[in-house]
Amino acid sequence: KVDIETKKDDTRKLGYSKISEGNALKKSGDLEGAKNAYLEAIQQFEKVIKIEPEDIKTLLNKSYAHVQREDFIGQGHSCIEAIRIDDKNSHAWLCLGNAQLAVKQYEDSIKSFTQATNSCNSQGQNEKDTCVAAWSNIGYAYLGWNKPKEALDAFNQALGIRKDYDKAIYGRIEAEKRLKK
């Protein structure tokens, strides 16, 4: 049991280090090297998931690596698996909404982001950050769907939670511009 736990932890750490490596390579402009590092991270996280199939944190980290590779289907699969394990996990719903938004599934993304806000409303400060991101992303989904009034409402919800959230501030400005047209 101890050997399996050690192996799982070491493999997870290797996955995290590959994500860090990918982020550094991406920042330096080596996009191909970054994609390879993210792929290695995905492979490490898959090994952890084989040992512990219900490890939501690892599934969500795997989804992040998929996003960095612009593999939104892979991201979505990881998010759905996390939701299957815990359908009240606001991070998993935010993850799925982000995957749906990336492929312009606006209506579905709004449903997922709404699930995230429902799951995070009664939680602590860490969940409040998830909640503000979900509300802001609802706004962006409505902008993509060309519904600026609904977008403005969502951005205002986000700013009601955290008034300095840049994405919501910029989104609200865009929604207001579109409403004036």
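Notes on the structure in this doc start here. If you're wondering where the values come from, they're calculated on a predicted model, not measured in any experiment. (Residues numbered from 1 in each chain as written. Predicted model: local features only at pLDDT ≥ 70, side-chain atom pairs only at ≥ 80, totals over all residues. Heavy atoms only, no water.)

1. What to know about unusual backbone geometry
At glutamate 70, a residue that is not glycine, the phi angle is positive and equals roughly 60 degrees. Checked against the element boundaries, glutamate 70 lands in the loop between helix 3 (56-68) and helix 4 (72-85). Assessed through its relative accessible area of 60%, glutamate 70 is described here as exposed. (Helix = DSSP H or I, 4+ residues; strand = E, 2+ residues; numbered from the N terminus. Buried < 20%, exposed > 50% of the residue type's maximum accessible area, 1.4 Å probe, protein only.)

2. Digging into the side chain of asparagine 137
Counting through the fold element by element, asparagine 137 comes out in helix 7 (residues 125-144). Residue classification places asparagine 137 among the buried positions, given a relative accessible area of 5%. Once residues within four sequence positions are removed from consideration, asparagine 137 is found in contact with Leu94, Asn98, Leu101, Phe113 and Lys167. (Contact = heavy atoms within 4.5 Å.)

3. Some thoughts on the packing of helix 3 against helix 4
One way to put it is that helix 3 packs onto helix 4 with a least axis distance of 7 Å and a crossing angle of 165 degrees. Relative to helix 4, the element helix 3 lies roughly antiparallel. Considering only the axes of helix 3 and helix 4, their crossing is left-handed. Counted together, Ile56, Leu59, Leu60, Lys62, Ser63, His66 and Val67 of helix 3 and Phe72, Gly74, Gln75, Ser78, Cys79, Glu81, Ala82 and Ile85 of helix 4 form the full contact between these two elements. In the contact of helix 3 with helix 4, the residues fall into 8 nonpolar, 5 polar and 2 charged. (Axes fitted to C-alpha atoms, helices over the stretch in contact; angles between N-to-C directions. Parallel < 35°, antiparallel > 145°, perpendicular 65-115°, else oblique. Left-handed = near helix turned anticlockwise from the far one by under 90°. Nonpolar A, V, L, I, M, F, W, Y, C, P; charged D, E, K, R; others polar.)

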